[in-house]
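Structure assessment
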Amino acid sequence: MKKIAIRFSIDEHDDVKSIAQHLQRFIVEDDYKTSSIAQKIIANERIVLDVGMEDNMPDFEALAEVFDEDEIEYELYKAVNGDWDKCELDDLELSRVPEWINILVGLNIIWYGVMTFWQIFYIYDWYNQKYEWGGIVSTLGSLIATVIPIYGSLVAYWSATELSDWGTYEALFAFFGYYLPLLLFIIWLIFYVAWEVAKAFWGDRWYRFWYSEFN
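Since we're looking at a predicted model, the values are computed, not measured. (Residues numbered from 1 in each chain as written. Predicted model: local features only at pLDDT ≥ 70, side-chain atom pairs only at ≥ 80, totals over all residues. Heavy atoms only, no water.)

Thoughts on the packing of aromatic side chains
One pass over the structure, following the stated rule, counts 18 aromatic pairs. On the numbers, 5.4 Å between centres and 90 degrees between planes, the contact of Phe117 with Phe121 is edge-to-face. Placement of the pair is Phe117 and Phe121 together in helix H4 (residues 99-130), with a separation of 4 residues, close to one helical turn. Residue classification places Phe121 among the partly exposed residues on the basis of a relative accessible area of 47%. Within the aromatic cluster, the residues linked to one another by ring pairs are Trp126, Tyr127, Tyr131, Trp133 and Trp158. If you follow Arg46 out to its NZ or CZ, it ends over the ring of Tyr77, 4.9 Å from the centre. (Phe/Tyr/Trp six-rings, centres within 6.5 Å; stacked < 30°, edge-to-face > 60°. Helix = DSSP H or I, 4+ residues; strand = E, 2+ residues; numbered from the N terminus. Buried < 20%, exposed > 50% of the residue type's maximum accessible area, 1.4 Å probe, protein only. Lys NZ or Arg CZ within 6 Å of the ring centre and 35° of its normal.)

Put into structure tokens, the structure is as follows:
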């Protein structure tokens with residue numbers, strides 16, 4: 001849970017009650033009655049919010065987008081050494097994607113890029129020597145083929161086994177083995193997304209804000 005603060009510059013066209021109802025979902029420790037929140041909005045006071053980083057908690061970044069679309073003027077603050085410093089939304093670091101997922105995705109992209117680049121030379125040899133397409137056409141063909149999953153690996157496999165005397169299992173491992181971590185990552189990602197969706201539906205800890213007795 002991260003504490004941030006927000007202050008509004010309200011004009012006569014803004015729906016204060018609607019803004020208060022939106023903010024209500026982000027107030028846990030302070031007074032979360034909509035009437036109290038509305039008073040603070042009108043008085044131009046800073047409102048302290050409790051922003052959760054878990055997926056089954058309300059998404060403040062989505063709410064900020066709503067405020068921007070409605071042209072509601074507001075200022076954001078983050079806590080620094082016991083005081084509030086004005087900041088931008090990006091400075092709050094509210095991303096819900098775990099850092100290790102970003103690292104894992106990056107490693108898979110780099111791994112795929114390295115293997116794709118390596119295949120270019122074998123695909124070039126296949127087009128140039130097997131079909132005698134010539135240097136320019138073979139280069140263009142290898143660049144196109146190498147970015148096509150499976151097909152590029154197949155051409156590189158044929159080139160290595162027929163033109164470079166590679167063994168069958170050696171070539172299979174070299175040009176198809178790198179799909180394994182990618183496949184495992186995709187399978188894991190599917191289960192991860194399914195789990196997060198399930199938590200969003202059945203693990204909602206914020207139900208209390210949808211009942212009238214809290215308003």
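As for helix H3 (residues 60-69)
Residues separated by three or four positions in an α-helix point in the same direction, a consequence of the helix having 3.6 residues per turn. Looking only at H3, the buried set comprises Phe60, Leu63, Ala64 and Phe67. Seen end-on, H3 carries its buried residues on one side only, within an arc spanning 100 degrees. Residues of H3 that are buried in the fold lie against strand E1 (2-9), helix H1 (16-24), strand E2 (47-51) and strand E3 (73-80). A positive phi of about 55 degrees marks Glu71, the residue just after H3. (Arc of directions from axis to C-beta. Contact = heavy atoms within 4.5 Å.)

Considerations on a negative patch on the surface
Together, Asp59, Glu65, Asp68, Glu69, Asp70 and Glu71 make up a region of like negative charge exposed at the surface. Mapped onto the elements, Glu65 comes out in helix H3. (Patch = residues over 30% accessible without salt bridge, like charges linked within 9 Å, V, L, I, M, F, W, Y side chains within 5 Å. Areas by Shrake-Rupley, 256 points an atom, 1.4 Å probe, with all protein chains shown as cover. Salt bridge = Lys/Arg side-chain N within 4 Å of Asp/Glu carboxyl O. Lys, Arg positive; Asp, Glu negative; His and termini not counted. Charge placed at Lys NZ, Arg CZ, Asp CG, Glu CD.)

Considering unusual backbone geometry
Glycine aside, residues mostly have negative phi, and peptide bonds are mostly found in the trans state. Positive phi values are uncommon outside glycine, yet Glu71 reaches one of about 55 degrees. Using a relative accessible area of 68% as the deciding quantity, one classes Glu71 as exposed. In this structure, Ile150 takes a positive phi of about 70 degrees despite not being glycine. Within the secondary structure layout, Ile150 lies in the loop between helix H5 (135-146) and helix H6 (151-163). A relative accessible area of 45% means that Ile150 is categorised as partly exposed.

A look at the sheet that holds E3
Strand order in the open sheet formed by 4 strands is E2-E1-E3-E4, with antiparallel pairing between adjacent strands. Strands at the two margins of the open sheet, each flanked by one partner only, are E2 and strand E4 (83-87). Strand-to-strand twist of the sheet, defined as the mean angle between neighbouring strand axes without regard to direction, takes the value 40 degrees. As judged from the 6 bridges shared by E1 and E3, these two strands associate in the antiparallel manner. Paired with Phe8 across the bridge in E3 is Tyr74. (Pairing = 2+ DSSP bridges. Axes fitted to C-alpha atoms, helices over the stretch in contact; angles between N-to-C directions.)

Examining the environment of Tyr32
By the element assignment, Tyr32 lies in the loop between H1 and helix H2 (34-42). Take Tyr32: its relative accessible area is 21%, and that puts it in the partly exposed class. Along the chain, Tyr32 and Ala20 lie 12 residues apart, while their C-alpha atoms are 9.0 Å from each other.

Here's the deal with the side chain of Asp50
If you trace the backbone, Asp50 turns up in strand E2. Overall, the relative accessible area of 2% leaves Asp50 in the buried class. At 2.4 Å, the side chain of Asp50 and the side chain of Lys3 are in polar contact. (Polar contact = N/O pair within 3.5 Å; in protein donor to acceptor, adjacent residues only side chain to side chain.)

A short note on the pairing of E1
Note that E1 and E2 share 5 bridges and pair antiparallel. Bridging across to E2, Ala5 finds its partner in Val48.

Quick notes on H1
Residues of H1 that are buried include every one of Val16, Ile19, Ala20, Leu23 and Gln24, and no others. Along the long axis of H1, the arc covered by the buried residues comes to 140 degrees, so they all point the same way. Buried positions along H1 lie against E1, H2, E2 and H3. In this structure Asp15 caps H1, since a side-chain oxygen of it lies 3.3 Å from the backbone nitrogen of Lys17.

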